[in-house]
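Summary of the model geometry
Take a look at the letters that make up each chain.
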Amino acid sequence: MTPWLLNLVRFCKHNDDAKRQRVTAILDKLITMTINEKQMYPSIQAKIWGSLGQITDLLDVVLDSFIKTSATGGLGSIKAEVMADTAVALASGNVKLVSNKVIGRMCKIIDKTCLSPTPTLEQHLMWDDIAILARYMLMLSFNNSLDVAAHLPYLFHVVTLLVATGPLSLRASTHGLVINIIHSLCTCSQLSFSEETKQVLRLSLTEFSLPKFYLLFGISKVKSAAVIAFRSSYRDRSFSPGSYERETFALSSLETVTEALLEIMEACMRDIPTCKWLDQWTELAQKFAFQYNPSLQPRALVVFGCISKRVTHGQIKQIIRILSKASPLLSIDRVR
């Protein structure tokens, strides 16, 4: 089957919708086989999805099918978790492109929440897609399949917008994502850090595993974040949006998380000449800070305040105007 898969891309290059629909139908059948054929699972992952991951022109169509399948099952379902795991096999064929596509999709969906704002992110129509992609990112974060050297500002941006958000397993997933990002920085062959920087990274790993940070990520009542993020039974209580106990999330908590992430980034940047990571992260935070969106604007303002190294008079005026008009929105003791 593997050599035959290369032919699929020929039907995607045309504007013929009928041909593209046939490709989608074939992908859907391969996905169904991946979910149902447990004994063949390792072979399917390696031979089918590992091969398809190498076909650049087909990746968007494949990811569309993955996300659609995940959404029909819902967060925490067998379908969603198998597809997240399969994204790792897809990335094995092309880490740079698959990681770029997944992170890019996450950022675009989060951007779109500004078009129809809701009080909390969980209330938004796009929440399921955001939560599902967050699981994809967690799975890809192992063995640096998120390509941290190319995407660190975007990863930290997503983390600050999602920290302490959603059901328990998703909150644990966000915490696990941060731990894996730091691991990737420690082991990434693309980056060469001094012993001093490596020491900062090792200390950060320890710090993020302390009860203090469990509390900040909204998982203070669990013994192990990793166990909660990777429960063996699907559709358990930790994934259910209506059954988990909400924890108070203060914007001062986000400040602590942001400052810890900033310390990591600045330590790494000292060893990378002409690195633009902080500029990119600041630009992302500023964009959300100056857009009306009750669920994300308060977070973005806090992040922008923590990481910005220079601010213009115009930006200060904008911030004062936002604060004066939306003081209830920026309440310190918001409950997620």
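As shown above, the structure is provided for reference.
Because the structure is a prediction, the values reported are computed rather than measured.

**As for unusual backbone geometry**
- A positive phi angle is found at N143, which is not glycine, with a value near 55 degrees.
- Within the fold, N143 resides in the loop between α8 (127-140) and α9 (148-162).
- A relative accessible area of 78% places N143 in the exposed class.

**Considering helix α11 (residues 195-208)**
- Compared with an ideal rise of 1.5 Å per residue, which puts 14 residues at 20 Å, α11 spans 20 Å between its outermost C-alpha atoms and is within 8% of the ideal.
- Lining the buried residues of α11 we find α10 (168-187), α12 (211-216) and α14 (251-269).

**Comments concerning the environment of E81**
- Note that E81 resides in helix α6 (residues 78-93).
- In this structure the C-alpha to C-alpha distance between E81 and P167, which are 86 residues apart in sequence, comes to 15 Å.
- A polar contact is formed between the side chain of E81 and the side chain of R135, at a distance of 2.7 Å.

**Observations concerning the nonpolar core**
- Judged by nonpolar contacts, the single largest core of 113 residues is most densely connected at W49, L52, Y136, L185 and F208.
- Per-element tally for this core: the top contributor is α8, with eleven residues.
- Excluding residues within four positions of it along the chain, W49 makes contact with L27, L30, I31, T34, I44, V62, F66, T86, A89 and L90.

Reading the values: the criteria
Residues numbered from 1 in each chain as written. Predicted model: local features only at pLDDT ≥ 70, side-chain atom pairs only at ≥ 80, totals over all residues. Heavy atoms only, no water. Helix = DSSP H or I, 4+ residues; strand = E, 2+ residues; numbered from the N terminus. Buried < 20%, exposed > 50% of the residue type's maximum accessible area, 1.4 Å probe, protein only. Expected span 1.5 Å × (residues − 1). Contact = heavy atoms within 4.5 Å. Polar contact = N/O pair within 3.5 Å; in protein donor to acceptor, adjacent residues only side chain to side chain. Core = buried A, V, L, I, M, F, W, Y, C linked by side-chain atoms within 4.5 Å.

Keep in mind that these numbers describe shape and distance, not what the molecule does.
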